Amino acid sequence: MKRSLLSSSLILAASTLVIAGAGVPAVAAAPAPQPQAPQSKAVQDANAQVAAHPDAVKAGADDRFVATNVQVDADGTRHVHFNRTYRGLPVRGGDVVVHSAPNGTLDSASLTQAAPLSLSVTPSVTDQQAIAKAATLFSGTRGSSTAVLTVDVTGASPKLVWEVVLNGTGADHSPSHLHVLVDALTGATGESWDGFSAILPDGTKRVTTKAAPTAVSAPAAAAAPAAALAAAASTGTGKGYQVGNVSVSTTQNSATSYTLKDPVRGNGETRDAQNQTTTDDSPPAGWGVALNDADNVWGNNALTDRATVAVDAHYGIQATWDFYKNVLGRNGIKNDGVGARSFVHYGTNYDNAGWDDASFSMIYGDGAVGSKPFTEIDVAGHEMSHGVTAATAGLIYSGDAGGLNEATSDIMGTMVEFNANSPADTPDYLIGEKIDMNGNGTPLRWMDDPSKDGKSVKCWSTSTRTLNPHYSSGVGNHFFYLLAVGSGQSQWGNSPTCDGSSVAGIGNDASTKIWYRALSTYMTSNTDYPGARTATVKAAKDLYGAGSTQCAAVEKAWSAVSVAPTATTCGGGTTPPPSTGNLLLNPGFESGTSPWTGTSGVITNDAGAAPRTGSYYAWLDGYGSAHSDTLSQSVSIPATATAPKLTFWNRITTAETGSTAYDTLKVQVVNGTTTTTLATYSNADATSGYVQRTLDLSAFKGKTVTIKFTGTEDSSLQTSFLIDDTSVTAG
């Protein structure tokens, strides 16, 4: 049955659940007004269901659960998000969403914790020792520091850690809340991430930010006239730099005084940072100066007026609020009707923009010399969407979850741009293209093919989680583009697929609602890309039905970025492997290395040789010295296959002479501990061009095996083995 996107959502200060058994209860948050029915009833019933079915949430006797968010669908289905504590300690990655039927009975639970906890919570390292260890990773000017003893379940096994937060100002003058996990038993430092979310990752700024000047006082004209009227909503005229001429919602203080504060959208305000950087870590509410004006006309479309970029930022607040309100039914970033603050002219030549959840504010830099202000519509939507993620799934900023966090902001920022539909910033699937960060008109990121930036990945693999979240976000961006637009050439770009398939898009509206419901209803803090596939399939089934075109497109788009089917499918069961078509993923190497594994550099677009088709190919050996290269991929061959075959195109060039095999290429199948060599080619088999090779795989029907190419070269005279356009078919 279809369900509406969102009936209501409420942030709860605390609702503590105690699992039967011994243990120290968690310290509750400060009391807050109790939610009205049906939200309060949903929490009460979810508490009872978790207590009755602790196995469903991997709970033990020492676990406690605190409700942080509750959502009740139009049909009465409930979704309650709980944070977990263990023996009074917060559990990183231990949160859970309890999904209940309209009558309150347990339906299912979304979580990533694998098993009930059982570990000591006595540290061998003190909090001050942990802070000292973490401090070695901080670059910039440090302010305050805290350390909270935490149980971390995001790794291979639960671990007692100190989560250290080092507040201050980063080396580039960004606000900084550097989180560092320090092993509470050994003192070893582990994962680290910054709580300040910037549009650009560290190390990509073109020019180092200069030191900020001393504080500049607000101009006299900013003071409100003595004859004040009651503050009222007003509509001003904005002349922005990035957004052009727009209407901006302002507050009228008197007959001749207006402030760039939006009473229609939760009093979201834009302020001038006066080229200062924060002296501690977060811009406080009264930091900078208010932007006031006598005639309610703001900016002049040029950078000679400080209000010009303020128009951009203020319009960004409006556009983001309106998108979430009108498209997704969300009342502000936290769904509580409260607007955010934006600070423009942050620092001097500050070459970034970012969201600071601690102060619920955005900062915008004017850009380094040669670039432009960061006040673009999709940048505003991107940054404020970090706040939405923090208030819903709470995706941590590391591993796959970090990539999903950044992808959510890119996706929603792009949808903010489409919803605004500004003639000054034509909607597209490019991130920050008007900033011209690279000085050649290219954007910060591409969604149709994220690998265009040379760092982002477009196909998922188990190594994706090791990347900076700005680069692992490429998988989520690519998925969304394929879901909304489809594969191949379009007016928006040219999007490849990792499995050689074709994907038909379902449009922005359905794609956006599916992603948002997955984020707000099914994702938890440590959701990975396979988990995101599960979450979006569930969301599509809720919104459009299990047999819908939309749900089928979600599955196809995930497969097209190398995220394989999980147990949750549109049909309700596990999707079987295809019985026809190519069973190999990324068969022509056009989507980078994933899911192939092998020697670094084997998959290449090196101009020293040539592919058969496309731009990439595999090049094994060719060094003229003792060397070995490998290339492999796992594949499942259906038991029902009639004539399974491995086919590939191969070119062999060599400096060797004669018929003696000095250098070899072995084509092998690895089945468990057994390796079978299907064929061996050598320098004696040199070709003038690519030739097709076909090898029988009938002996491996019904098995999951690894197809492997092994090239071995002797100590002198090169032989190059080139491979392209591979396939495994069932026949």
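**Q** Hey, could you run me through the overall build of the protein in this one?
**A** In terms of helices and strands, the protein carries nine helices and 37 strands. The proportion of buried residues among the 731 residues of the protein is 54%. Restricting the contact set of the protein to residue pairs at least 6 apart, pairs at least 24 apart contribute 67%. Within the structure as shown, the protein displays about 27,600 Å² of accessible surface, and the carbon and sulfur contribution to it stands at 52%.

**Q** Would you take a moment to explain the layout of surface pockets for this structure?
**A** The gaps left among the atoms become clear once a water-sized probe is rolled over them. In this structure, the second largest pocket spans a volume of roughly 1,400 Å³. In terms of lining residues, the second largest pocket is bounded by 41 residues, among which Asn83, Asp357, Ala390, Gly394 and Ile396 are the most central. Of all elements in the fold, only strand S3 (63-72), strand S4 (78-86), strand S5 (89-92), strand S8 (140-152), strand S9 (159-170), strand S10 (175-183), strand S11 (189-194) and helix H4 (377-391) reach the threshold of two or more residues within the lining of the second largest pocket. With five residues, H4 is the largest single contributor of residues to the lining of the second largest pocket.

**Q** Sorry, what's going on with the side chain of His99 here?
**A** By secondary structure assignment, the location of His99 is in strand S6 (residues 96-100). For His99, the side chain forms a polar contact with the side chain of His79, separated by 2.8 Å. Those residues in contact with His99 that lie beyond four places of it in its chain are Arg78, His79, Leu106, Asp107, Ser108, Ala109, Ser110, Thr521 and Tyr522.

**Q** Would you mind going over the pattern of salt bridges with me for this structure?
**A** Counting across every chain of the model gives 17 salt bridges. One salt bridge connects Lys41 with Asp45, and the closest N-O pair in it is separated by 3.3 Å. You can see Lys41 and its partner Asp45 sitting in helix H1 (residues 39-52), four residues apart, about one turn around the helix. The exposure class assigned to Lys41 is partly exposed, which follows from its relative accessible area of 39%. The class of Asp45 is buried, set by a relative accessible area of 11%.

**Q** For this particular structure, what's the right way to read the sheet that holds strand S35 (residues 691-696)?
**A** Backbone-to-backbone hydrogen bonds pair the strands of a sheet. The strands run either parallel or antiparallel. Across the sheet, which stays open at both edges, the five strands sit in the order S29-S30-S37-S32-S35 with antiparallel pairing between neighbours. Because the sheet does not close on itself, it has two edges, and the strands there are strand S29 (603-604) and S35. With four bridges joining them, strand S30 (residues 617-621) and strand S37 (residues 719-729) adopt antiparallel strand pairing. Note that in S37 the partner of Asp621 across the bridge is Ser720.

**Q** Explain the state of the cysteines to me, please; I cannot follow it from the model alone.
**A** Each disulfide consists of one covalent bond between the sulfur atoms belonging to two cysteines. For the coordinates displayed, the defined rule picks out two disulfides. Between Cys459 and Cys498 runs a disulfide, and the two sulfur atoms are separated by 1.9 Å. Here the disulfide of Cys459 and Cys498 is left-handed, its torsion about the S-S bond being about -90°. Here Cys459, found in the loop between strand S25 (445-446) and helix H6 (469-484), pairs with Cys498, found in the loop between strand S27 (493-495) and helix H7 (508-522); they are 39 residues apart in sequence, far enough to count as distant. With its sulfur 2.0 Å from that of its partner, Cys551 forms a disulfide with Cys570. Because the sign of the S-S torsion sets the handedness, a value of about -100° for the bond joining Cys551 and Cys570 places this disulfide among the left-handed ones. Here Cys570 lies in the loop between helix H9 (549-559) and strand S28 (597-598) and Cys551 lies in helix H9, a separation of 19 residues in the sequence. Each of the two residues, Cys551 as well as Cys570, counts as buried.

**Q** What exactly am I supposed to notice about unusual backbone geometry here?
**A** Glycine aside, residues mostly have negative phi angles, and peptide bonds mostly take the trans form. At Asn349, a position not held by glycine, the phi torsion is positive, near 55°. Position of Asn349 relative to the elements: it lies in the loop between strand S21 (341-344) and strand S22 (353-356). Despite not being glycine, Asn586 has its phi angle at roughly 50°, a positive value.

**Q** Sorry, what's going on with the packing of aromatic side chains here?
**A** The description of two aromatic rings rests on the distance between their centres and on the angle between their planes. A full pass over the atoms with the stated rule returns 17 aromatic pairs. Ring plane angle 40° and centroid distance 6.0 Å describe the contact between Phe479 and Trp515, whose orientation is recorded as tilted. You can see Phe479 sitting in helix H6 and its partner Trp515 sitting in helix H7, a full 36 residues away along the chain. An identical accessibility class is assigned to Phe479 and Trp515; each is buried. A ring pair is formed by Phe479 and Trp558, whose centres lie 3.8 Å apart and whose planes are at 10°; its orientation type is stacked.

**Q** Would you explain the nonpolar core in this entry?
**A** Considering soluble globular proteins, one finds that nonpolar side chains tend to be buried as a cluster. The biggest cluster of nonpolar side chains holds 84 residues, and the ones touching the most others in it are Phe479, Trp515, Met523 and Trp558. With ten residues, the top contributor of residues to this core is helix H3 (residues 307-328).

**Q** Is there a simple way to think about the sheet that holds strand S31 (residues 627-636) in this case?
**A** The strand order across the open sheet formed by five strands is S28-S31-S36-S33-S34, and the pairing between neighbours is antiparallel. A strand with exactly one partner marks an edge of an open sheet, and here the two such strands are S28 and strand S34 (674-682).

**Q** Quick question: what am I supposed to make of the environment of Glu590 here?
**A** With respect to the secondary-structure elements, Glu590 resides in the loop between H9 and S28. Look at Glu590 and you get partly exposed, because its relative accessible area is 30%. In this structure, the C-alpha to C-alpha distance between Glu590 and Ile603, residues 13 residues apart in sequence, is 9.1 Å. Residues within four places of Glu590 in sequence aside, it is in contact with Lys458, Thr613, Gly614, Ser615 and Tyr616.

**Q** Just checking my understanding: could you explain the pairing of S8 for this structure?
**A** Side-chain direction in a regular strand flips from residue to residue, so the side chains alternate between the two faces of the sheet. Alignment of S5 against S8, held across two bridges, turns out to be parallel. Counterpart to Arg92 in the pairing with S8 is Asp152. Of the strand pairs in this sheet, S8 and S9 are connected by eleven bridges, and their pairing is antiparallel. Residue Val151 lies in a different strand from S9, and its bridge partner there is Leu160. The antiparallel pairing of S8 with S9 creates a hairpin that spans six residues between the two strands.

**Q** Would you take a moment to explain the pairing of strand S32 (residues 645-654) for this structure?
**A** Two elements, S32 and S35, share six bridges in a ladder whose sense is antiparallel. Looking at S35, one finds that Trp649 is bridged to Gln692. Pairing of S32 with S37 involves nine bridges; the strand directions are antiparallel. Residue pairing in the sheet places Asn650 in a bridge with Ile723 of S37.

Conventions we followed
- Residues numbered from 1 in each chain as written.
- Predicted model: local features only at pLDDT ≥ 70, side-chain atom pairs only at ≥ 80, totals over all residues.
- Heavy atoms only, no water.
- Helix = DSSP H or I, 4+ residues; strand = E, 2+ residues; numbered from the N terminus.
- Buried < 20%, exposed > 50% of the residue type's maximum accessible area, 1.4 Å probe, protein only.
- Contact = heavy atoms within 4.5 Å.
- Areas by Shrake-Rupley, 256 points an atom, 1.4 Å probe, with all protein chains shown as cover.
- 1 Å grid on protein atoms, 1.4 Å probe; cavity = no way out; pocket = protein on both sides within 12 Å on 5 of 7 lines; lining within 4 Å.
- Points joined across faces, edges and corners; volume = space filled by probe spheres on them.
- Polar contact = N/O pair within 3.5 Å; in protein donor to acceptor, adjacent residues only side chain to side chain.
- Salt bridge = Lys/Arg side-chain N within 4 Å of Asp/Glu carboxyl O.
- Pairing = 2+ DSSP bridges.
- Disulfide = S-S within 2.5 Å.
- Phe/Tyr/Trp six-rings, centres within 6.5 Å; stacked < 30°, edge-to-face > 60°.
- Core = buried A, V, L, I, M, F, W, Y, C linked by side-chain atoms within 4.5 Å.

Taken by themselves, the reported measurements are silent on function.
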